[in-house]
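Summary of structural features
Read off the chains here:
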Protein chains: 2
Amino acid sequence: MAKYNPVTDAIIKELQTIIGEKYVLTDADKMEKYSHDEVTDPKYVKMPEVVLLPSSAQEIAQVIKLANREHIPIVPRGAGTGLASGAVPFKGGIVLSLERMDKILEIDTENMFMTVEPGATTENVQQAAREKGFLYAGDPCSGDSSFIGGNVATNAGGNKAIKYGTTRQQVNGVELVTAEGDIVELGGKTKKDASGYNLTQLVVGSEGTLGVVTKAILKLVPLPKGVIDLLAIFPDLPSAIGIVSKLMAAGITPTSVEFMDNAAIKSCEKFLNEKLPHSDNGFYIIIQVEGDNEDLLDDQAVIIDEMCTENGALSVLVADPAKIWKARKVFAEADRALSLIFSMEDLVVPMDKIPSAIERINALGQKYGVAIHCAGHAADGNIHANLLKEQLSDEKWNELLPALQQELYTMVYEMGGKLSGEHGIGYKRVNLLEQFSSPIELKMMRAIKKALDPNLIMNPGKVFNVE
Amino acid sequence: MAKYNPVTDAIIKELQTIIGEKYVLTDADKMEKYSHDEVTDPKYVKMPEVVLLPSSAQEIAQVIKLANREHIPIVPRGAGTGLASGAVPFKGGIVLSLERMDKILEIDTENMFMTVEPGATTENVQQAAREKGFLYAGDPCSGDSSFIGGNVATNAGGNKAIKYGTTRQQVNGVELVTAEGDIVELGGKTKKDASGYNLTQLVVGSEGTLGVVTKAILKLVPLPKGVIDLLAIFPDLPSAIGIVSKLMAAGITPTSVEFMDNAAIKSCEKFLNEKLPHSDNGFYIIIQVEGDNEDLLDDQAVIIDEMCTENGALSVLVADPAKIWKARKVFAEADRALSLIFSMEDLVVPMDKIPSAIERINALGQKYGVAIHCAGHAADGNIHANLLKEQLSDEKWNELLPALQQELYTMVYEMGGKLSGEHGIGYKRVNLLEQFSSPIELKMMRAIKKALDPNLIMNPGKVFNVE
């Protein structure tokens, strides 16, 4: 195991010179919020030795050079909305919060790219694009607060991935401060590139283990002229999930196909204190379609309505989008209100495996006596299964959870699925990744990490272990 | 410089045992076609020591293990349609031709993926998808003969990139025989993945320097129901190229926007021995739009027609697609017929820089007294500029070409462009890549190469130099 040195008073002084005294936090009070992300289990909390709020790539480069020299961990951090403890400094060291680097630097309408700093919220990025008549298609559920830099780090997915891809597909270039403290521009604004290895795509999804993204060049697409949201409510899981492949086979390319099982609906209804339709026994499928032609869009809505009804829907509503999406988006918060400690799984399976995966998840919940609420992105196979601790004792929970996860991911990998669709591995899933990934793939990832970060200072202990 | 060992008789025997005697070629006659790609300059020709035609990943893994042990170069090869000498064994050693591994292994209509072997031609891949009602959207001009494995190796672009992206965007997973001779599956059939570094995207475009792709999992999209091809003929370059950004700004998302300058049209006309419209003084823009709704598609065609006419088009024809695309696709062959030796540049610039880039290219041609024919992918900024040697002496050519390229790429990089949009760096462009790339980026690429191929046996001397 790599050993790291502590952050001494002399180092704090040096950091103050680089960043400015005001932006070097050492008070426990001020650092508390940087000691965790949205994972509420106390075992995923760890206080930083120091928190820095840099304002430029140049400052970050100096900090990283210092960290290499002194052998101190650097943990880059976005808004702290992560769900895998990827931004928590478990090995101690410096937390580098990107919150001051929050500018939308450019919207290049002619080339259809925007350039942003990592600390801009996803919502601000979307809004800035919209004001110029474009869509930034990345759309994680936490978009109102998450930083775009965090989206890039975890390859955030979200609600529109089925049509537009995940964050990865939106990123055409980055400015990176490397793990050795050099500043480099990767990719750019060309629509094609066959000029060497694609390092941009290696950086996207590497969860801060290869450097710090200080700018991102994001793709824009023309803003669709019309949007329709439909809420189809089914009496059971098979008919709800069964509609997804039927829609796809019919050549409909929705922007979103979200689902919520009945337990998830009930939990969200309680949290919002607001009646949701058919919450007694319904299973939701939320379908969003976009288009430039109103008639065609209406035609699609009619076809979807008919197909859902034919598949047994209790009701198909042209949804009040704000209300329905709010319910979908509070899923994690609502479950947290029910059970402060819960494990939010983020598994992803090939699309055709969703019905059997959810069925098996429910069976596992019954077997282990753990309440499981499922919601997620039905059309891309990404299922969020919240395993609730509720009244279980710590001891029981710590015994049940790993056993349940073992069975769960054995099934997921047998189906050709993966551990994480969009939340990332972070710290929480390191052991599972190491267990379920191919040893060759792990060996390649470790070799790359060591090649690009020889002192292993960037976000150590995340994604996989390496020595 | 890494030194490599020769392929001895004993090694040939061992290779025969692995692959089968029949599939180990050592006769100069039989090996000749593996000594070059479509670059006709004799300095880009080099005879292999041995050519292998393996039939499985397992055989390839054994060969690579042997090559590591003996320190012999391995050069993977597709159809030999490359334009950067990426598959020519300049450091000697083994050429590994994937031609026998040509199967379409699966078309998974439910998950919308197909799995293919690397030796399938792009056309066969497209055709197999079409037969099941899907589009495989990769579409390089050489698609009738190029292998899909070569497309993956160079991140081939082609004619539909503006709508669907390049080969990179089509590849969701690969089976790779690593540079150390291990077989690993990367990616897969999930639509999202945040489970560690994206090694699939690192392999795509790495030109055989990190291993051998033995299977590719490719995305399918629903086959559009209608297609319209338009040929707009303009009296000069500015009005021709000028239409592109106007179309994009109007919210039209064509599948293709190709252009040919007048010299390119004349060269193709001569080669095809077939009258092309307005070949005396025209500049072509070929526009393809696709859609599921016939009326909307017709509406789009009318709008495009009007916009082109307004921009000064001499004529807008609903093109005979076969004829027009044939002219566009023989561009390289036609120029080769005029001048056996020519340099096909593959520069790419941000979209809004195309008009000034082409203007400057023409000015460079005049300055150096070199005929330059331009054609390419107008909507994605990828310009093929053929620099023709014609009657120039070898000496003069070898003096002029590097000087012209220096000026050309200084301009391209100033514009935020890149050396290669889709042909790759191969052997031909190594010096230029090393000169024009950031030293930090090169350092990162070299570090990754050494980490994944410690004995430097995979396709040495390609993309960049490394020791």
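This is a predicted model, so every value here is computed, not measured. (Residues numbered from 1 in each chain as written. Chains lettered and ligands numbered in written order. Predicted model: local features only at pLDDT ≥ 70, side-chain atom pairs only at ≥ 80, totals over all residues. Heavy atoms only, no water.)

**Structural notes on the pairing of strand 17 (residues 371-377) of chain A**
The side chains of a regular strand alternate, first on one face of the sheet and then on the other. Residue and element names in this part refer to chain A. Of all seven residues in strand 17, six are buried; the element is thus mostly enclosed. Sheet topology note: the strand 13 (residues 256-260)/strand 17 ladder contains three bridges and is antiparallel. Among the inter-strand pairings, Glu 258 is bridged to a residue of strand 17, identified as His 377. Alignment of strand 17 against strand 18 (residues 382-388), held across seven bridges, turns out to be antiparallel. Looking at the pairing, Cys 374 lines up with Ala 385 of strand 18. (Buried < 20%, exposed > 50% of the residue type's maximum accessible area, 1.4 Å probe, protein only. Helix = DSSP H or I, 4+ residues; strand = E, 2+ residues; numbered from the N terminus. Pairing = 2+ DSSP bridges.)

**Let's talk about a negative patch on the surface**
All names here are of chain A. Together, Glu 294, Asp 295, Asp 298 and Asp 299 give the surface a local cluster of negative charge. Secondary-structure assignment places Asp 295 in helix 11 (residues 294-310). Asp 295 gets classed as exposed once you look at its relative accessible area, which sits at 57%. (Patch = residues over 30% accessible without salt bridge, like charges linked within 9 Å, V, L, I, M, F, W, Y side chains within 5 Å. Areas by Shrake-Rupley, 256 points an atom, 1.4 Å probe, with all protein chains shown as cover. Salt bridge = Lys/Arg side-chain N within 4 Å of Asp/Glu carboxyl O. Lys, Arg positive; Asp, Glu negative; His and termini not counted. Charge placed at Lys NZ, Arg CZ, Asp CG, Glu CD.)

**What about the pairing of strand 14 (residues 283-291) of chain B?**
Residues and elements named next belong to chain B. Across the nine residues that make up strand 14, a large majority, nine, are buried. Relative to strand 14, strand 12 (residues 226-234) runs antiparallel, the two sharing nine bridges. Its bridge partner lying in strand 14, Leu 231 is registered against Ile 286. Note that strand 13 (residues 256-260) and strand 14 share five bridges and pair antiparallel.

**Re the interface of chain A and chain B**
Taken together, the contact pairs 72 residues of chain A with 72 residues of chain B. On inspection of chain A and its partner chain B, the count reaches ten salt bridges. The tally of links between chain A and chain B comes to 26 residue pairs in polar contact (both at pLDDT 80 or more). Taken together, the elements giving at least two residues each to the side of chain A that touches chain B come down to helix 6 (161-164), strand 8 (171-178), strand 9 (183-187), helix 8 (199-203) and helix 17 (439-452) of chain A. For the side of chain A that touches chain B, the element with the highest residue contribution is helix 17 of chain A, accounting for ten residues. (Contact = heavy atoms within 4.5 Å. Polar contact = N/O pair within 3.5 Å; in protein donor to acceptor, adjacent residues only side chain to side chain.)

**So, the UniProt feature "domain: FAD-binding PCMH-type" (unreviewed entry) in chain A**
UniProt records the feature "domain: FAD-binding PCMH-type" (unreviewed entry) at residues 44-223 of chain A, using the numbering of this structure. Note that residues 44-223 of chain A is 24% helix and 26% strand, and that its end C-alpha atoms are spaced 40 Å apart. (UniProt positions renumbered as here; feature names shortened; annotations may be inferred.)

**Brief notes about the packing of aromatic side chains**
Throughout the structure, instances matching the rule amount to ten aromatic pairs over all chains. Ring centres of Tyr197(A) and Phe464(B) lie 5.3 Å apart, and the angle between their planes is 75°; on these two criteria the pair is classed as edge-to-face. Placement of Tyr197(A) in the loop between strand 9 and helix 8 and of Phe464(B) in the segment after helix 17 (439-452) is noted, with the two residues assigned to different chains. Per residue, the accessibility class of Tyr197(A) equals that of Phe464(B), and both read buried. Taking the centre distance of 5.3 Å and the plane angle of 20° together, the rings of Tyr413(A) and Phe436(A) count as stacked. In this pair, Tyr413(A) is assigned in helix 15 (residues 394-414) and Phe436(A) in helix 16 (residues 430-436), connecting sequence segments 23 residues apart. Here the basic side chain of Arg100(A) rests over the ring of Tyr23(A), its NZ or CZ set 3.3 Å away from the ring centre. (Phe/Tyr/Trp six-rings, centres within 6.5 Å; stacked < 30°, edge-to-face > 60°. Lys NZ or Arg CZ within 6 Å of the ring centre and 35° of its normal.)

**Here we look at the confidence of the model for chain A**
Taken over all residues, the pLDDT of chain A has a mean of 95, while the share at 70 or more is 100%. Across the predicted assembly, pTM comes out at 0.97 and ipTM at 0.96. (pLDDT = per-residue confidence, 0-100.)

**Details of the pattern of salt bridges**
A side chain of one charge can pair with a side chain of the opposite charge when the charged atoms of the two come close. The full count for this structure, using the stated rule, is 44 salt bridges over all chains. For Lys192(A), the salt bridge goes to Asp380(B), with nearest N and O atoms at 3.2 Å. Of this pair, Lys192(A) sits in the loop between strand 9 and helix 8 while Asp380(B) sits in the loop between strand 17 (371-377) and strand 18 (382-388), each in a different chain. Like Lys192(A), the residue Asp380(B) is buried in the burial classification. The closest approach of N and O atoms between Lys189(B) and Asp108(B), which form a salt bridge, is 2.8 Å. Of this pair, Lys189(B) sits in the loop between strand 9 (183-187) and helix 8 (199-203) while Asp108(B) sits in strand 5 (residues 104-108), and the two are 81 residues apart along the sequence. Residue Lys189(B) is classed as buried on the basis of its relative accessible area, which comes to 17%.

**Some details on helix 9 (residues 237-249) of chain A**
Residues and elements named next belong to chain A. Of all the residues in helix 9, the buried ones are Leu 237, Ser 239, Ala 240, Ile 241, Ile 243, Val 244, Leu 247 and Met 248. In the core, the buried residues of helix 9 are packed alongside helix 6, strand 12 (226-234), strand 13, strand 14 (283-291), helix 11 and helix 14 (354-368). Of the residues one or two after helix 9, Gly 251 is the one with positive phi, at around 85°.

**Describing the sheet that holds strand 4 (residues 94-97) of chain B**
All names here are of chain B. Pairing is mixed in the open sheet, where four strands are placed in the order 1-2-4-3. The open sheet has two edge strands with one neighbour each: strand 1 (24-25) and strand 3 (74-77). Pairing between strand 3 and strand 4: four bridges, direction parallel. Residue pairing across strands places Pro 76 opposite Leu 96, the latter belonging to strand 4.

**Side note on the state of the cysteines**
Counted according to the given criterion, the structure contains zero disulfides over all chains. No disulfide involves Cys374(B); its sulfur sits 12 Å from that of Cys268(B), the nearest cysteine. (Disulfide = S-S within 2.5 Å.)

**With respect to the packing of helix 1 (residues 9-19) of chain A against helix 3 (residues 57-70) of chain A**
Residue and element names in this part refer to chain A. It is at 9 Å that the axes of helix 1 and helix 3 come closest, and there the two elements cross at 160°. Considering their axes alone, helix 1 and helix 3 lie roughly antiparallel with respect to each other. Considering how the two elements wind past one another, helix 1 and helix 3 form a crossing that is right-handed. Packed against helix 1, whose contacting residues are Ile 11, Glu 14, Leu 15, Ile 18 and Ile 19, the element helix 3 presents Glu 59, Gln 62, Val 63, Leu 66, Arg 69 and Glu 70 at the interface. Within the contact of helix 1 with helix 3, the residues separate by chemical class into six nonpolar, one polar and four charged. (Axes fitted to C-alpha atoms, helices over the stretch in contact; angles between N-to-C directions. Parallel < 35°, antiparallel > 145°, perpendicular 65-115°, else oblique. Left-handed = near helix turned anticlockwise from the far one by under 90°. Nonpolar A, V, L, I, M, F, W, Y, C, P; charged D, E, K, R; others polar.)

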